[in-house]
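Secondary and tertiary structure notes
Chain by chain, the residues:
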Amino acid sequence: MTRMSTCVYHLFVLSWYIFLNFYISQEVQDPRKSQIFLNGGQWKYLTFLNLLLQAIFFGVACLEDVLKRTKGKKDIKFVTAFRDLLFTTLAFPISTFVFLSFWILFLYDRELVYPKALDTIFPVWLNHAMHTFILPFSLVEVILRPHCYPLRKRGLTLLAAACLAYVSRVLWIYSETGTWVYPIFAKLNPVGLAAFFSLSYIFTIGIYLFGEKLNHWKWGARRSNQPTLKEMNPEYPLEGLLLKLKL
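Bear in mind the structure is a predicted one, so any value in this text is a computation, not a measurement.

We now examine the packing of helix α1 (residues 3-28) against helix α6 (residues 134-144). Packed helices, taken two at a time, are described by the angle between their axes plus the distance between the axes. Where α1 contacts α6, the axes come no closer than 12 Å and their chain directions differ by 160 degrees. Here α1 lies roughly antiparallel to α6, going by the angle between them. The handedness of the crossing between α1 and α6 comes out as left-handed. When α1 is examined against α6, the residues Thr-6, Tyr-9, His-10, Phe-12, Val-13, Trp-16 and Tyr-17 are found in contact with a partner set consisting of Ile-134, Phe-137, Val-140, Glu-141 and Leu-144. Within the contact of α1 with α6, the residues separate by chemical class into 9 nonpolar, 2 polar and 1 charged.

Before going further, it helps to examine the side chain of Arg-110. Mapped onto the elements, Arg-110 comes out in the loop between α4 (77-109) and α5 (124-131). Excluding residues that lie within four positions of it along the chain, Arg-110 makes contacts with Leu-105, Pro-115, Lys-116 and Asp-119.

Taking 1.5 Å per residue, 26 residues should reach 38 Å; helix α7 (residues 152-177) reaches 37 Å between its end C-alpha atoms and fits that length. When α7 is considered as a whole, its buried residues turn out to be Gly-155, Leu-156, Leu-159, Tyr-166, Val-170 and Ile-173. In the core, the buried residues of α7 are packed alongside α3 (46-71), α4, α8 (183-186) and α9 (190-219). Just beyond α7, the residue with positive phi is Gly-178, at close to 80 degrees.

Another aspect to go through is the nonpolar core. The tendency in soluble globular proteins is for nonpolar side chains to be buried side by side. Grouped together as the largest cluster of nonpolar side chains are 60 residues, with contacts concentrated most on Tyr-17, Leu-51, Phe-122, Tyr-182 and Phe-185. Listing elements by their share of this core, those giving two or more residues are α1, α3, α4, α5, α6, α7, α8 and α9. Element by element, the count of residues in this core is highest for α4, at 13 residues.

Turning our attention to the UniProt feature "transmembrane region" (unreviewed entry) in the protein chain. The positions that UniProt labels "transmembrane region" (unreviewed entry) are, in the present scheme, residues 7-25, 45-64, 85-105, 125-144, 156-174 and 194-211. Annotated as residues 85-105, this span is 100% helix and 0% strand, and its ends, taken at the C-alpha atoms, are 29 Å apart. Summarising residues 156-174: 100% helix, 0% strand, and an end-to-end C-alpha distance of 27 Å.

The next subject is the environment of Ala-186. Looking at the secondary structure, you find Ala-186 in helix α8. Between the C-alpha atoms of Ala-186 and Leu-112, which are 74 residues apart in sequence, the distance is 9.2 Å.

Here we come to the packing of aromatic side chains. Counted by the stated rule, this structure contains 27 aromatic pairs. Aromatic pair Phe-196 and Phe-197: ring centres 6.1 Å apart, planes at 70 degrees, arrangement edge-to-face. Overall, the relative accessible area of 24% leaves Phe-196 in the partly exposed class. Each residue in the set Tyr-9, Phe-12, Tyr-17, Phe-57, Phe-58, Phe-87, Phe-92 and Phe-137 is aromatic and connected to the rest through ring pairs, giving one cluster.

Conventions adopted
- Residues numbered from 1 in each chain as written.
- Predicted model: local features only at pLDDT ≥ 70, side-chain atom pairs only at ≥ 80, totals over all residues.
- Heavy atoms only, no water.
- Axes fitted to C-alpha atoms, helices over the stretch in contact; angles between N-to-C directions.
- Helix = DSSP H or I, 4+ residues; strand = E, 2+ residues; numbered from the N terminus.
- Parallel < 35°, antiparallel > 145°, perpendicular 65-115°, else oblique.
- Left-handed = near helix turned anticlockwise from the far one by under 90°.
- Contact = heavy atoms within 4.5 Å.
- Nonpolar A, V, L, I, M, F, W, Y, C, P; charged D, E, K, R; others polar.
- Expected span 1.5 Å × (residues − 1).
- Buried < 20%, exposed > 50% of the residue type's maximum accessible area, 1.4 Å probe, protein only.
- Core = buried A, V, L, I, M, F, W, Y, C linked by side-chain atoms within 4.5 Å.
- UniProt positions renumbered as here; feature names shortened; annotations may be inferred.
- Phe/Tyr/Trp six-rings, centres within 6.5 Å; stacked < 30°, edge-to-face > 60°.

In structure tokens:
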């Protein structure tokens, strides 16, 4: 895909996530729907946090696209590094986790995660926008361009910190309000909750490693801003050849 096409894609996805976040913010103000967001607000749900995260990532991606065209690659290394770190450690693992965990639980027993009563409040397209389309957008980003993965220990540490922060918020909301964020938590005893959170983190680690392997399969080994053998942009064949000769 050409650089211009990449810019257009990032701008399109950014606009989509901005629209979703704005639309949901307006829905929260509806008295009939606001009951869902009591005791923690909309940000108690991982789904909405993920939508905000995706908007931030694609915003950074658009910024990097613009700066690359105006300043060149060498002058925006920090932005590129931040974009890659954000995508590899948070945006891809969390969007994939939300997609898989939601639909697995939904197909098993939707009352555990998205009660049928919500169908009368939120349109079907919004459910898919929040829980389905997020994965294709992330996969296209993997295929669209290479991303530098940090050292595995560092990447997993950042992911663990994000998971711990969210679990801590879920437990804090329960301790303050006596209500769980998701119905499934109310059906588990303390041991079951510990097992659920532990297995969810292990599942997230698996997703992180899958993303790393997928990036390696598409673009070759890529860590710490090192170029890859497959990074041969058709717009810059000479640059790509020089990179290959250096390696």
